[in-house]
Amino acid sequence: MRTRLLVVFGVLVGLLVVGLGAPLAGAAASAATSRLFADRLGDTTRFAALAQRAVTDDEPGALAGELARYDELYGIAAVVLDREGRVLTASRPEVSDATVARVQLALVGQRSEPPDTVWPWDTAPMLLAEPVLVGGEVRGAAVTVSPTAPARWETLRAWAALAGTALVALGIAAGLALPLVRWILAPVESLDRGTAQVAAAVRAGRAPRPVGDDHGPPELRRLSRHFDQMAVGVTHALESQRAFVADAGHQLRNPLTALRLRLQNVGAALAVPDARVDDALRDEHGAALEETDRLASVLDALLALARAEGRPPQPVPMPIDPVLDERADTWGVLAEHESLSLRRLGPGGLVARSDVDSVVAVLDAVLDNALKYAPPGTDVELSTARVDGWVEIGVRDHGDGIDPSELARATDRFWRSPAQDGSAGTGLGLAIAARSAERVGGELLLQLPEDGGLRVVLRLPPAAAPEADGERAEAAAGSADAPVSDIPVSDAPVSDAPASGAAASRSAVDQSPLTAR
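One structure accompanies this document, and this report is about it.

About the criteria used
Residues numbered from 1 in each chain as written. Predicted model: local features only at pLDDT ≥ 70, side-chain atom pairs only at ≥ 80, totals over all residues. Heavy atoms only, no water. Pairing = 2+ DSSP bridges. Helix = DSSP H or I, 4+ residues; strand = E, 2+ residues; numbered from the N terminus. Core = buried A, V, L, I, M, F, W, Y, C linked by side-chain atoms within 4.5 Å. Buried < 20%, exposed > 50% of the residue type's maximum accessible area, 1.4 Å probe, protein only. 1 Å grid on protein atoms, 1.4 Å probe; cavity = no way out; pocket = protein on both sides within 12 Å on 5 of 7 lines; lining within 4 Å. Points joined across faces, edges and corners; volume = space filled by probe spheres on them. Nonpolar A, V, L, I, M, F, W, Y, C, P; charged D, E, K, R; others polar. Axes fitted to C-alpha atoms, helices over the stretch in contact; angles between N-to-C directions. Parallel < 35°, antiparallel > 145°, perpendicular 65-115°, else oblique. Left-handed = near helix turned anticlockwise from the far one by under 90°. Contact = heavy atoms within 4.5 Å. Patch = residues over 30% accessible without salt bridge, like charges linked within 9 Å, V, L, I, M, F, W, Y side chains within 5 Å. Areas by Shrake-Rupley, 256 points an atom, 1.4 Å probe, with all protein chains shown as cover. Salt bridge = Lys/Arg side-chain N within 4 Å of Asp/Glu carboxyl O. Expected span 1.5 Å × (residues − 1). Arc of directions from axis to C-beta.

### Overview of the pairing of strand β8 (residues 379-387)
Link 1 in the chain: Looking at chain direction, strand β6 (residues 341-345) and β8 are connected through five bridges and run parallel. Its bridge partner being in β8, L345 is matched across the sheet by S383.
Link 2 in the chain: Of the pairings in the sheet, the one linking β8 to strand β9 (residues 390-396) comprises seven bridges and is antiparallel in character. Bridging from a neighbouring strand, L382 pairs with V395 of β9.
Link 3 in the chain: Where β8 hands over to β9, the hairpin turn is made up of two residues, of which D388 adopts a positive phi near 55 degrees.

### Here's the deal with the nonpolar core
Link 1 in the chain: Ranked by internal contacts, the top residues of the largest apolar core, which has 41 residues, are I320, L363, I393 and L444.
Link 2 in the chain: Elements represented by at least two residues in this core include exactly α7 (320-337), α8 (356-373), β8, β9, α9 (429-439), β10 (443-447) and β11 (455-460).
Link 3 in the chain: The leading source of residues in this core is α8, at nine residues.
Link 4 in the chain: F47, A48, A78 and V132 belong to the second-largest nonpolar core, a separate cluster that totals 13 residues.

### With respect to empty space enclosed by the protein
Link 1 in the chain: Evaluation of the coordinates by the stated rule reveals two cavities of 30 Å³ or more.
Link 2 in the chain: Estimated volume of the largest cavity: approximately 40 Å³.
Link 3 in the chain: Around the largest cavity, the lining residues are V362, L363, V366, I393, V395, L444, V456, V457 and L458.
Link 4 in the chain: At the level of elements, α8, β9 and β11 are the ones that each hand at least two residues to the lining of the largest cavity.
Link 5 in the chain: Within the lining of the largest cavity, the residues separate by chemical class into nine nonpolar, no polar and no charged.

### Let's talk about the packing of α8 against α9
Link 1 in the chain: It is the contact of α8 with α9, at a shortest axis distance of 8 Å, that shows an interaxial angle of 155 degrees. The angle between the axes of α8 and α9 places the two elements in the roughly antiparallel class. Crossing of α8 over α9 shows left-handed handedness. Residues S358, A361, V362, A365, V366 and N369 of α8 form the contact with α9, whose participating residues are G429, L430, A433, S436, A437 and R439.
Link 2 in the chain: Across the contact of α8 with α9, the residue classes tally to seven nonpolar, four polar and one charged.

### A short note on a nonpolar patch on the surface
Link 1 in the chain: A grouping of V7, V8, V11, L12 and L15 is seen on the molecular surface, where their side chains present a nonpolar patch of about 470 Å² in accessible area.
Link 2 in the chain: Among the secondary structure elements, V7 is positioned in helix α1 (residues 2-57).
Link 3 in the chain: Classification of V7 as partly exposed rests on a relative accessible area of 48%.

### Side note on the sheet that holds β6
Link 1 in the chain: Across the sheet, which stays open at both edges, the five strands sit in the order β6-β8-β9-β11-β10 with mixed pairing between neighbours. The open sheet has two edge strands with one neighbour each: β6 and β10. Strand after strand, the sheet turns through a mean of 20 degrees between neighbouring axes, direction not considered.
Link 2 in the chain: Here α7 sits on the sheet and contacts β6, β8, β9 and β11; the angle it forms with β6, its principal contact strand, is near 165 degrees.
Link 3 in the chain: Of the strands in this sheet, β6, β8, β9, β10 and β11 are in contact with α8, which crosses β9 at around 30 degrees.

### Comments concerning the environment of D82
Link 1 in the chain: For D82, the location among the structural elements is in strand β1 (residues 77-82).
Link 2 in the chain: Overall, the relative accessible area of 10% leaves D82 in the buried class.
Link 3 in the chain: The spatial distance from the C-alpha of D82 to the C-alpha of T56 is 9.5 Å, given a sequence separation of 26 residues.

### Concerning helix α2 (residues 61-74)
Link 1 in the chain: With 14 residues, α2 ought to run about 20 Å at 1.5 Å a step, and its terminal C-alpha atoms sit 20 Å apart, in line with that.
Link 2 in the chain: By the burial criterion, the buried members of α2 are L63, L67, Y70 and D71. For α2, the buried positions fall inside an angular range of 95 degrees around the axis, keeping them on one side. Facing away from the buried side of α2, by more than 90 degrees, are the exposed residues G61, A62, R69, E72 and L73.
Link 3 in the chain: In the stretch just after α2, G75 is the one whose phi turns positive, near 70 degrees.

### Some thoughts on the environment of L407
Link 1 in the chain: On the secondary structure map, L407 appears in the loop between β9 and α9.
Link 2 in the chain: Owing to a relative accessible area of 25%, L407 belongs among the partly exposed residues under this scheme.
Link 3 in the chain: When the C-alpha positions of L407 and L448 are compared, they lie 8.9 Å apart, and in sequence the two are 41 residues distant.
Link 4 in the chain: Among all residues touching L407, those that are not within four sequence positions of it are I402, L446 and L448.

Everything listed is a geometric property; what it means functionally is a separate question.
Structure below.
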């Protein structure tokens with residue numbers, strides 16, 4: 001914007017300089033022409049006066065010497081003619097046709113008139129002819145043919161002075177324009193710099209740093225103040241929303257727990273063998289328990305979403321393998337119970353710059369989704385890769401996937417695929433995963449493999465080389481002291497999970513707050 005303003009300012013100043021300089025240049029040329037004309041007219045009139053005796057007595061000898069000396073001294077041809085237009089005497093032998101034509105006017109008594117303006121590119125000589133009057137009667141004419149070089153050089157010198165003055169004016173204007181433009185754009189540049197930090201502060205729930213100051217025009221200063229007020233208002237609104245979600249989740253957990261206990265007590269009474277209870281009442285009791293569990297899942301998901309959208313963590317260098325091993329061990333129990341194979345693929349030893357809690361939240365949400373919708377007997381792949389400088393963690397199932405037109409909405413809150421309307425879930429799982437990825441500077445990508453299913457990729461920024469080397473060394477030292485895990489690191493099914501997890505049921509996944517599809 002600064003460049004554009006300077007260009008506009010320069011164009012306006014340039015037009016002003018041209019608008020003032022063009023008339024001045026024309027006036028300088030006219031003045032030089034007028035001075036040359038006045039000087040030559042005086043010489044021509046003097047020759048006309050000297051020619052009176054030569055015309056009357058027909059003795060041009062004395063006059064011829066005068067004309068010759070004048071031509072030799074100034075380089076201006078001079079000619080005297082009689083009333084019939086015959087040459088009486090001349091400083092040069094030849095007389096141009098233009099001179100003869102001008103003489104005809106002088107012989108009828110017409111005085112010389114100011115010629116057209118002589119421009120630097122005009123090379124035609126200036127022709128002046130004055131009548132020779134004797135007793136008020138025209139007896140001949142005196143003519144001078146002078147070059148216009150003096151007038152043209154005078155015009156060029158005047159134009160050069162004007163050009164120099166214009167350049168000085170442009171330099172002064174540019175010197176004044178730079179601080180003026182900086183002063184005008186100071187609030188705009190402050191807004192530009194502050195927008196990024198205000199957006200980050202609003203997302204993180206921090207109070208944004210004011211961008212307004214006392215520099216710049218009053219209108220732009222007022223705009224900056226209004227922007228600060230808007231940022232504070234938006235931050236307060238988002239903070240109030242997050243606080244409401246968190247408070248509502250916490251406050252409703254106790255009443256829900258009490259309500260579920262009461263329903264369980266009622267269920268125990270209904271289970272008495274001799275209890276006389278209508279079957280429809282038993283069905284209503286079971287439906288009430290299911291709705292209570294579903295509401296609890298929604299509250300858990302809202303709390304998880306509030307945490308994901310809370311204040312951002314401080315990313316640190318983080319080895320990926322320990323986190324993946326721990327989550328594979330945890331979810332491997334449910335995978336085995338559901339007749340699924342949880343496999344680790346890809347290289348090890350990757351180090352990302354992230355936060356462990358955020359990565360765990362993403363993996364839990366995505367693995368819960370994959371295990372819920374993967375058909376029994378298929379693989380759920382947990383892979384790692386380094387792509388375009390990013391550290392990628394992928395979770396891929398071989399289920400039905402989603403329609404390509406639904407990919408853009410899959411991470412929206414409470415959105416569920418129409419094909420999954422009949423299954424349990426809150427529609428918050430992928431939303432939580434996406435927000436958790438954003439908190440640590442990463443992103444969540446959804447891909448549809450050609451052979452079916454859904455692949456969710458968590459992309460994380462890599463750690464710097466010195467940090468990554470240090471974290472790998474620490475991870476290697478820690479693994480040397482720890483017992484060997486039963487979860488394989490690469491391309492092997494997760495089948496040696498602890499047997500105590502076999503009691504896990506599909507209902508546990510149905511009640512998970514992380515289910516998205």
